[in-house]
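A closer look at the structure
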Amino acid sequence: MPNTITVITAVHAPGAEYLPDAYKSLREQELPDGWDWQWVIQEDGETDAVRPYVPDDARVSFGQGRSGRAAMARTMGLSRAEGEYVKVLDADDMLTPGALARDLRALTENPDLGWATSRALDLLPDGSTVGFAGDPPQGPIARGAVLDFWKANGYRAQVHPATLFLRRDLLLALGGWMALPASEDTGLLMALSAVSRGWFTAETGLLYRKWPGQVTSHAAHTDEAERRARFAVVEARARVLAGMDGWRYGTS
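What you see is a predicted model, and the numbers here were worked out from it, not measured in a lab.

What counts as what
- Residues numbered from 1 in each chain as written.
- Predicted model: local features only at pLDDT ≥ 70, side-chain atom pairs only at ≥ 80, totals over all residues.
- Heavy atoms only, no water.
- Phe/Tyr/Trp six-rings, centres within 6.5 Å; stacked < 30°, edge-to-face > 60°.
- Helix = DSSP H or I, 4+ residues; strand = E, 2+ residues; numbered from the N terminus.
- Buried < 20%, exposed > 50% of the residue type's maximum accessible area, 1.4 Å probe, protein only.
- Contact = heavy atoms within 4.5 Å.
- Salt bridge = Lys/Arg side-chain N within 4 Å of Asp/Glu carboxyl O.
- Axes fitted to C-alpha atoms, helices over the stretch in contact; angles between N-to-C directions.
- Parallel < 35°, antiparallel > 145°, perpendicular 65-115°, else oblique.
- Left-handed = near helix turned anticlockwise from the far one by under 90°.
- Pairing = 2+ DSSP bridges.

**Looking at the packing of aromatic side chains**
In total, this model carries six aromatic pairs according to the counting rule given. The interplanar angle of 0° and the centroid separation of 6.0 Å between the aromatic rings of Tyr23 and Trp39 together place this pair among those described as stacked. Of the two residues, Tyr23 sits in helix H1 (residues 19-27) while Trp39 sits in strand E2 (residues 36-44), which places them 16 residues apart along the sequence. You can call Tyr23 buried: its relative accessible area is 14%. Aromatic pair Trp150 and Phe231: ring centres 5.4 Å apart, planes at 80°, arrangement edge-to-face. Highlighted residues: Trp150 in helix H4 (residues 145-152) and Phe231 in helix H7 (residues 224-243), separated in sequence by 81 residues. When its relative accessible area of 8% is taken as the criterion, Phe231 is described as buried. The rings of Trp35, Tyr85 and Phe165 are connected pair by pair, giving a single aromatic cluster.

**Points about the side chain of Thr163**
Tracing the backbone shows Thr163 in the loop between H4 and strand E9 (165-167). If we ignore the near neighbours within four places in the chain, the residues touching Thr163 are Lys87, Asp103, Ala116, Thr117, Ser118, Ala120 and Leu206.

**Considerations on the pattern of salt bridges**
Two side chains carrying opposite charge are able to pair once their charged atoms lie near each other. In the structure shown here, the tally under the stated rule is 16 salt bridges. Note that Glu184 and Arg74 form a salt bridge whose closest N and O atoms lie 2.9 Å from each other. With Glu184 in helix H6 (residues 184-195) and Arg74 in helix H2 (residues 69-77), this residue pair connects regions lying 110 residues apart in the sequence. Classification of Glu184 as buried rests on a relative accessible area of 8%. As a salt-bridge pair, Lys87 and Asp103 come within 2.8 Å of each other at their nearest N and O atoms. In this pair, Lys87 sits in strand E4 (residues 85-88) while Asp103 sits in helix H3 (residues 99-108), placing the two residues 16 residues apart along the sequence. Residue Asp103 is classed as buried on the basis of its relative accessible area, which comes to 2%.

**Here we look at the packing of H6 against H7**
It is at 8 Å that the axes of H6 and H7 come closest, and there the two elements cross at 20°. Taken together, H6 and H7 sit at an angle that is classed as roughly parallel. For the element pair H6 and H7, the recorded crossing hand is right-handed. In this structure, H6 uses Thr186, Gly187, Leu188, Met190, Ala191, Ala194 and Val195 to contact H7, whose residues at the interface are Val234, Arg237, Ala238, Leu241 and Ala242.

**As for the pairing of strand E10 (residues 198-209)**
Summarising burial for E10: 10 of the 12 residues are buried, a large majority. Pairing analysis gives two bridges linking strand E5 (residues 94-95) to E10, with the strands arranged antiparallel. Counted as the bridge partner of Leu95 is Leu206 from E10. When strand E6 (residues 115-123) meets E10, the two strands line up parallel, connected through seven bridges. Looking across to E10, one finds that Leu123 is bridged to Arg209. Note that strand E8 (residues 139-141) and E10 share three bridges and pair antiparallel. Residue pairing for E10: Pro140 is matched across the bridge by Trp199.

Structure representation (structure tokens):
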């Protein structure tokens, strides 16, 4: 569907209660004339706990499927994506005003770029926010720069994968999100960095909610053996992509 941004959200039952906040942040987005968004919500599982929180809006598409964690849910949701651009929005996060328009402008004004990210703030349970030091300057990000920074800085990227906005054809070409138990969005970000230039917007685009039930707060997420394995395959895939002839989007 032309002039459409598909926002993809994976959700599991414990996080469903935050969907109304995410929806509110979507409804407050202002886009250029002729543009609109489509919200694809995909439950990671087949429970009765999520549907009551899904908004009654023609722009919202809700689906369910076998539980397989966020990577599978997002990629299954991609089957219903109608937009030429895809925006990631986790169920418990919120966009800031103007975030979609800024992402869209970055890629429409720079057709050789494949993806965009923006500044993110942690949203703490008391309502306060915390930023991060080390954001890159606003503007284009060179091909391979995010991957190299990530490897050189203890596997911490200088841009947040939860803020990704990208071209749907490039997302499909890369196979969606990596089939990992966690870091699936980091895997996608590193693959994108390996094959294309990106963009960073210095204005805050996302409030990243911190709460006890989120997956990244579980002990398994920081298990060192699993973490090493996840990051090893993330890097190996990105390095292979970076070295393949023809696997380059736009110009470097």
